[in-house]
Amino acid sequence: MIQPPINKAMRKLSLFALFLVISILLSSCGGSMSDAEARQILSELIPKAEYFNDVFWGKGLPAEEGAVFDESKKAVRQYYDVAADCPYRTMDELKAAAAEVYSREYMEIITETMLEGTEDFFPRYDEVNGVLRVDIAYQGYNLRSKLYPERATVARSAMNLLEVLIPCDFDGEPAEDYRVTLVREAGKWLLDSPTY
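Computed from a prediction, not measured in an experiment: that's the story for all the values here. (Residues numbered from 1 in each chain as written. Predicted model: local features only at pLDDT ≥ 70, side-chain atom pairs only at ≥ 80, totals over all residues. Heavy atoms only, no water.)

## What about the pattern of salt bridges?
Within this structure, the stated rule accounts for 7 salt bridges. Here Glu-100 ties to Lys-188 by a salt bridge, and the two come within 2.8 Å at their closest N and O atoms. With Glu-100 in the loop between helix 3 (91–98) and helix 4 (104–116) and Lys-188 in strand 8 (residues 188–191), this pair connects stretches of sequence that are 88 residues apart. The salt bridge involving Arg-179 is made with Glu-163; its shortest N-O contact spans 2.6 Å. Highlighted residues: Arg-179 in strand 7 (residues 173–185) and Glu-163 in strand 6 (residues 161–170), separated in sequence by 16 residues. Within this structure, Arg-156, Glu-163 and Arg-179 form a network of salt bridges that share partners. (Salt bridge = Lys/Arg side-chain N within 4 Å of Asp/Glu carboxyl O. Helix = DSSP H or I, 4+ residues; strand = E, 2+ residues; numbered from the N terminus.)

Below, the structure written as structure tokens:
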């Protein structure tokens, strides 16, 4: 019996779809990463993340010389230009540097909370006349975790996703391993979760 042409086309399309799914599954299985490879990636990202953790959630960037918190103002915000030797002079420079460490999605969180603010709180950084400013009234956190990327192990690895367990200390004492997610964007591995 001769099959109608539409059935042949559907069959070919179904076989192509099946081939595509199998290819994707095989390539993601083949995308597994060794602990050594993950440690190499993390050894470059974690020190940068520690720096940005402090910039965004810890002490923050230094303010210009002479910037002193004035309790008598009772102001919720007290913005001053960042110090002259600060590596970032504009908001765009700060964002670009952080985007070398964090994924697009995680950068959206940083941008909303630290650079733009929300209804609930003011941003930590501002820009006036092209100059980056820091709110010296902002109370940063005492960051107490220390991660050891050289001892990380891969928990899950796929084509563009990597989940690792990183040993850490909290207040100098061994603590539960940090579970950190990385994503591959534009050919680079970037952090997609907190490391503080």
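## A closer look at the pairing of strand 5 (residues 153–157)
Pairing of strand 5 with strand 6 involves 4 bridges; the strand directions are antiparallel. If you follow Thr-153 over to strand 6, its bridge partner there is Leu-165. What sits between the antiparallel neighbours strand 5 and strand 6 is a turn of 3 residues. (Pairing = 2+ DSSP bridges.)

## Some thoughts on the side chain of Thr-181
When you line up the elements, Thr-181 lands in strand 7. The contacts of Thr-181, once residues within four sequence positions are left out, are Leu-161, Leu-162, Glu-163, Leu-190, Leu-191, Asp-192 and Ser-193. (Contact = heavy atoms within 4.5 Å.)

## Some remarks on helix 4
Because an α-helix completes one turn every 3.6 residues, residues spaced three or four positions apart along the sequence face the same direction. In this model helix 4 runs just 16 Å from its N-terminal to its C-terminal C-alpha over 13 residues, more than 12% under the 18 Å that 1.5 Å per residue would give. The principal kink in helix 4, of about 30 degrees, is found at Ile-110. Those residues of helix 4 lying buried are Tyr-106, Met-107, Ile-110, Thr-111, Thr-113, Met-114 and Leu-115. At its buried positions, helix 4 is contacted by helix 2 (35–56), helix 3, strand 2 (125–128) and strand 8. With its phi angle positive at about 85 degrees, Gly-117 sits one or two positions after the end of helix 4. (Expected span 1.5 Å × (residues − 1). Bend = angle between axes of the 7 residues up to and from the residue. Buried < 20%, exposed > 50% of the residue type's maximum accessible area, 1.4 Å probe, protein only.)

## A word on the nonpolar core
Within the largest apolar cluster, 40 residues are counted, with the highest numbers of intra-cluster contacts made by Phe-52, Phe-56, Leu-94, Tyr-102, Tyr-125 and Leu-182. Those elements that place two or more of their residues in this core are helix 2, helix 3, helix 4, strand 3 (131–135), strand 6, strand 7 and strand 8. Considering each element in turn, this core owes the most residues, 9 residues, to helix 2. Beyond its immediate stretch of four places on either side in the chain, Leu-182 contacts Ile-41, Leu-42, Leu-45, Asn-160, Leu-161, Leu-162, Val-164, Trp-189, Leu-190, Leu-191 and Asp-192. (Core = buried A, V, L, I, M, F, W, Y, C linked by side-chain atoms within 4.5 Å.)

## Side note on the packing of aromatic side chains
This structure, assessed with the given rule, holds 8 aromatic pairs. With centroids separated by 6.5 Å and ring planes inclined at 70 degrees, the aromatic side chains of Phe-52 and Tyr-102 adopt a geometry described as edge-to-face. Here the residue Phe-52 occupies a position in helix 2, and Tyr-102 occupies one in the loop between helix 3 and helix 4, the gap between them amounting to 50 residues. Grouped by ring-pair contacts, the aromatic residues Tyr-51, Phe-52, Phe-56, Trp-57, Tyr-88, Tyr-102, Tyr-106, Tyr-125 and Tyr-196 constitute a single cluster. Geometry around Phe-122 places Arg-77 over its ring, the cationic atom sitting 3.9 Å from the centre. (Phe/Tyr/Trp six-rings, centres within 6.5 Å; stacked < 30°, edge-to-face > 60°. Lys NZ or Arg CZ within 6 Å of the ring centre and 35° of its normal.)

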